[in-house]
Amino acid sequence: MILLIRPTKPVLPPYDEYIAEIKSIWQTGFMTNNGPKLKEFKRLLQEYTDCPNLDLFVNGHSALVTALKSLELKGEVITSPFTFASTTNAIVQAGLTPVFCDIDDSYNIDADKIQACITDKTCAIVTPHIFGIPCDVEKIRAIADRHGLKVVYDAAQAFGTKLNGRHIVAYGDITMVSFHAIKIFNSIEGGMLVYKDSTLQKKFELYRNFGINYETSDIELCGYNAKMNEFQAAMGICNLNGIEAEIAKRHLLAECYAEKLSTIRGLTPFNYAADIRYNHAYYPIIVDEEAFGISRDDLHERLRERGIFTRKLYDRLTCDSAVHRGKYKQDVAHAEKISRRTLDLPIYGDLTAEDVASVIDEVAKIQKGG
Ligand SMILES: *Cc1c(COP(=O)(O)O)cnc(C)c1O
């Protein structure tokens, strides 16, 4: 039997629902610039996240750059290198200097190692909730308060994750979320900022629309174009209906993986805490080559030959990329180790328990040399 199990699959709403949602655009002629769909999407997100201060953008990356610029930060920013290109690029694009702190077994910044990275130039901690797994937000808040630092979370992958019964976006001074097509929740492309200080909204508005202040007809700052359009907002409105069901399906698949993986020596799933509502945007495992018998890279390749596509996120730390290598301070030994040993197994709502069983069956066969 030839299998084909993709690593991920974008969520699309029923076709008719999207068509019905965009129909009014032909009546109003409103395609972008803070139109009725965008306002409706924003209201629904405020309701869903229970966060009133929330703003929408064309994508997550420009939302993150806008967040950093709006805080008027200067100097060094403590961050994790175990992330997508965007986090580090945004820091540099906002004129800031990344300082790469190590991670722990949560795949996130090691809160106990942040202190050692702080200098008199440090202005903020900007770090992801990677794989939808929350950082130690309480420890990070305490350190930030002690040193007068801002905290900006890149929750691009963490929409729907809840901590202490609150959406993860409620933590930090500003949190960015991505609604890109391959994230757990999408508006085709899209981004959101959730923030504590409501006076920031004015700046977000300016940066997002060329810096133009329509009250004074003046260009107040060097803004760009980062507006979400009406077709994106309509997709977001439709997909929001399905987000809880998507997370519930992934939760069952994650339980299925954990049970099946317990029979396999040398592969360790993430240690999920009972009191956190994870979104299961990813399903990372650690491959212990000695115990499993085969390296992470070989397992990835052998699964691929059998039609099962896993991902090596993040095989390259951002501090080791051509653009950033050797330019900034880093102390990332554990991150390097994790980046060589972790593998993301396929997970998405349309995957079935049988698919999960097939993945683990093939893994078992590969381990036995079959
Ligand atoms: C996807 C992603 C981004 C960028 O979001 P876009 O909406 O694609 O611009 C930023 N950070 C992380 C960790 C991501 O996974």
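Heads up: the structure comes first, above all this text.
Since we're looking at a predicted model, the values are computed, not measured. (Residues numbered from 1 in each chain as written. Predicted model: local features only at pLDDT ≥ 70, side-chain atom pairs only at ≥ 80, totals over all residues. Heavy atoms only, no water.)

J.: I keep staring at the pairing of strand 14 (residues 283–287) and nothing clicks. Help me out?
T.: Two faces belong to every sheet, and in a regular strand the side chains alternate between them. A large share of strand 14 lies buried, amounting to 5 of its 5 residues. Alternating positions in strand 14 separate into two faces, Tyr 283, Ile 285 and Val 287 on one and Pro 284 and Ile 286 on the other, with burial throughout. Taken together, the 3 bridges between strand 12 (residues 267–269) and strand 14 define a ladder with antiparallel strand orientation. Its bridge partner lying in strand 14, Leu 267 is registered against Val 287. Looking at chain direction, strand 14 and strand 15 (residues 342–345) are connected through 4 bridges and run antiparallel. Bridge pairing in strand 15 places Pro 284 opposite Asp 344. (Buried < 20%, exposed > 50% of the residue type's maximum accessible area, 1.4 Å probe, protein only. Helix = DSSP H or I, 4+ residues; strand = E, 2+ residues; numbered from the N terminus. Pairing = 2+ DSSP bridges.)

J.: Quick question: what am I supposed to make of the site of the ligand here?
T.: Residues in contact with the ligand amount to 14 residues; listed here are only the nearest, Gly 60, His 61, Asp 154, Ser 178 and Lys 183. In the model, an oxygen atom of the ligand is placed 2.8 Å from a nitrogen or oxygen of the Gly 60 main chain. In the model, an oxygen atom of the ligand is placed 2.8 Å from a nitrogen or oxygen of the Lys 183 side chain. Alone, the ligand offers 380 Å² of accessible surface; in the complex the protein occludes 92% of this. If you list the elements that add at least two residues to the shell around the ligand, you get helix 4 (60–70) and strand 8 (174–178). Residues that form the shell around the ligand fall into these classes: 3 nonpolar, 9 polar and 2 charged. (Near = heavy atom within 4 Å. Polar contact = N/O pair within 3.5 Å; in protein donor to acceptor, adjacent residues only side chain to side chain. Areas by Shrake-Rupley, 256 points an atom, 1.4 Å probe, with all protein chains shown as cover. Nonpolar A, V, L, I, M, F, W, Y, C, P; charged D, E, K, R; others polar.)

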